[in-house]
Amino acid sequence: MKKVHVKSYGCQMNVYDAERMADVLAAQGYEETPSVDDADLVILNTCHIREKAAEKVYSELGRIRENKAVRARQGLETRVVVAGCVAQAEGAEIMRRAPVVDVVVGPQSYHRLPELLAARNRDAAIDIEFPVEDKFRALPARRNGAEGRNVSAFLTIQEGCDKFCTFCVVPYTRGAETSRPVAALLEEAKRLVGLGVKELTLLGQNVNAWHGEGPDGKTWSLGRLLRRLADIDGVERLRYTTSHPRDMDDELIAAHRDVPQLMPYLHLPVQAGSDRILAAMNRRHTADDYRRIIDRVRAARPDIALSSDFIVGFPGETDADFAETMRLVNDVRFASAFSFKYSARPGTPAADREDQLPEDVKSARLAELQAALERDRIAFNQAMTGRVIEVLVDRKGRAAGQMAGKSPYLQGVHFEAPEAIFGAVAVVEVLEATAGSLRARYLGVKGASALGGGAFHQASAAPYSGAAQGIANAT
């Protein structure tokens, strides 16, 4: 049996793509290995979002070259693939700079991996086109592999981006926005549930821009899709990421109110709080537009928690602009957030601006922002103490006799419980918020249970009430 090692960088979309590449290669006789040392095929599934992404790939390829030489002396062949967004952006340059690489494939073409690996001409082993055909139609069915051992799985419903934010390379590496049809998504979702998955996270570069063809021939919105997925027997939880403020329509907000499986957690990137900077970023929403969306979402689902993305030090950002970002943070009080210093991406409009900020200014602003975001994260977690919540149990805890899982708000939760509850939705009382997780007391399993005894009925627990508002009381 040949072995393949896939190393993924970046977003959840890449995690999904890595799983699907493993599915493609399984049909060619490959099994996955966690070690690069015994891999006959090594795939770097790359991301172009972070700073110096391409150089990090070349550095990794240097280490792989050394490993390939060691294996060659043992009479073992090692083939190397660079996939993903850096592959899409760099193309033939990767082949030129890194002779160790056998195949370069973009994120829209990885279903062609067997064909590319079979190519004898190295020039023919590059595919960074945006093919007309739907790659999802060419991919094999999801296997009882990694996703079968987990209770959560990703489901890509949308790819590409038409927003063209001036700092972002995604429209150039992932292509135009495309949406998968409802029938294909339902088929894949049902197969995942059949493999034991209880929680589906819908993925897309702009996931709430999804508008797929429904079985009735009409175009469905994400809100309607979520309602249909919730009807699948066995789906306990639904999530989606990453969304754009411009695509938070009424039907999607109503789904947060009406669909109990849709978790009370929304990742909605804002990027900045200054209207001047938002316009320069081509975000096409204002800070007050964002605030109004948050007000509507919270009115629909009062216990919802918010997460976001921020970029500080965008070209031309003044102290006053940054102060507006801090004002937005203090207004919204995010339960979690990702924040970064602006770094230029070659080929994007913002990279060519002459008003780039000094690194020390960007670093100081990032430190101030992250301190405020961490304050709110800690406050949110501490406000969970004493509450009864539901936890999807997906792993053993670190200590003997412990089980662990995710809260509705994506917090790690650990508690003493029997191992037999793996895969169940447990009801727990939060005892303590530690730096990185919640410590809890196990109360039972939600609803009727096949485990025998210990069934816990949610109606008596009121598990979510007021959790989000706890921030305001704690800060």
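Worth saying up front: this structure is predicted, and the values here are computed from it rather than measured. Sequence order as written defines residue numbering, which begins from 1 separately in each chain. The predicted origin of the model limits local features to residues at a pLDDT of at least 70 and limits the giving and counting of side-chain atom pairs to 80 or more, whereas totals for whole chains, interfaces and linings rest on all residues. Only hydrogens and water are removed before side-chain values are computed, so all heavy atoms of the structure are retained for them.

## Quick look at the environment of Leu262
Here is step 1 of the chain: Counting from the N terminus, the helices are the DSSP runs of H or I reaching at least four residues and the strands are the DSSP runs of E reaching at least two. In this fold, Leu262 is placed in the loop between helix H11 (250-258) and strand S14 (265-267).
Here is step 2 of the chain: For the pair formed by Leu262 and Leu229, sequence separation is 33 residues and the distance between their alpha carbons is 10.0 Å.
Here is step 3 of the chain: Once residues lying within four places of it in the same chain are set aside, the contact partners of Leu262 are Leu226, Leu238, Arg239, Tyr240, Ala255, His256 and Arg301. We call two residues in contact when some of their heavy atoms are within 4.5 Å.

## Some thoughts on the pairing of strand S3 (residues 41-46)
Here is step 1 of the chain: S3 sits mainly inside the fold: six of its six residues count as buried.
Here is step 2 of the chain: Burial of S3 is two-sided: the residues Leu41, Ile43 and Asn45 facing one way and the residues Val42, Leu44 and Thr46 facing the other way are all buried.
Here is step 3 of the chain: A pair of strands is labelled paired if DSSP reports no fewer than 2 bridges between them. The pairing of strand S1 (residues 2-8) with S3 spans five bridges and is parallel. Note that in S3 the partner of Ser8 across the bridge is Asn45.
Here is step 4 of the chain: Here S3 runs beside strand S4 (residues 79-84); their pairing, made up of six bridges, is parallel. Each residue of the ladder has a partner; that of Asn45, found in S4, is Ala83. Only protein chains enter the accessibility calculation, which uses a 1.4 Å probe; a residue whose area is less than 20% of its type maximum is buried, one above 50% is exposed, and one in between is partly exposed.

## A word on the packing of helix H14 (residues 319-332) against helix H15 (residues 359-382)
Here is step 1 of the chain: Between H14 and H15, whose axes approach to 10 Å, the crossing angle comes to 10°. Classified by the angle between their axes, H14 and H15 sit roughly parallel to one another. Facing Asp319, Phe322, Thr325, Met326, Val329 and Asn330 of H14, the residues of H15 in contact are Arg365, Glu368, Leu369, Ala372, Leu373, Arg375 and Asp376.
Here is step 2 of the chain: Residue polarity is assigned by list, with Asp, Glu, Lys and Arg as charged and Ala, Val, Leu, Ile, Met, Phe, Trp, Tyr, Cys and Pro as nonpolar; anything else, Gly included, falls into the polar class. Residues of the contact of H14 with H15, tallied by class, amount to six nonpolar, two polar and five charged. Every axis corresponds to a line fitted to the C-alpha atoms, with the helix fit spanning only the stretch in contact, and the corresponding angles, defined between N-to-C directions, vary from 0 to 180 degrees. Any angle from 65 to 115 degrees is called roughly perpendicular, while one under 35 is roughly parallel, one over 145 is roughly antiparallel, and all others are oblique.

## Description of the UniProt feature "binding site: [4Fe-4S] cluster 2" (unreviewed entry) in the protein
Here is step 1 of the chain: UniProt positions are given in the numbering used here, feature names are shortened, and annotations may be inferred rather than shown by experiment. In the UniProt entry, the feature "binding site: [4Fe-4S] cluster 2" (unreviewed entry) is given for Cys161, Cys165 and Cys168.
Here is step 2 of the chain: Relative to the helices and strands, Cys161 resides in the loop between strand S8 (158-159) and helix H8 (170-173).
Here is step 3 of the chain: With relative accessibility at 9%, the residue Cys161 sits in the buried group.
Here is step 4 of the chain: In this structure, Cys165 sits in the loop between S8 and H8.
Here is step 5 of the chain: Ignoring anything within four residues of it in the chain, the contact list for Cys165 reads Met281, Asn282 and Arg283.

## As for the environment of Ala153
Here is step 1 of the chain: Position of Ala153 among the secondary structure elements: in strand S7 (residues 152-156).
Here is step 2 of the chain: Among the residues examined, Ala153 registers a relative accessible area of 7% and is labelled buried.
Here is step 3 of the chain: Along the sequence, Ala153 and Val193 sit 40 residues apart, while their C-alpha atoms lie 9.3 Å from each other.

## What to know about helix H9 (residues 182-194)
Here is step 1 of the chain: Given a helix with a known number of residues, its expected span is that number minus one, times 1.5 Å. Compared with the 18 Å implied by 1.5 Å per residue over 13 residues, the 18 Å span of H9 between its first and last C-alpha is a close match.
Here is step 2 of the chain: Three or more residues of H9 are buried, namely Val182, Leu185, Leu186, Glu188, Ala189, Leu192 and Val193. Projected down its long axis, H9 shows its buried positions confined to an angular sector of 165°, all on one face. Along H9, exposed side chains directed more than 90 degrees from the buried face belong to Ala183, Glu187 and Gly194.
Here is step 3 of the chain: The positive-phi residue at the C-terminal boundary of H9 is Gly196, with phi of around 105°. Here the arc refers to the set of directions running from the helix axis out to each C-beta atom.

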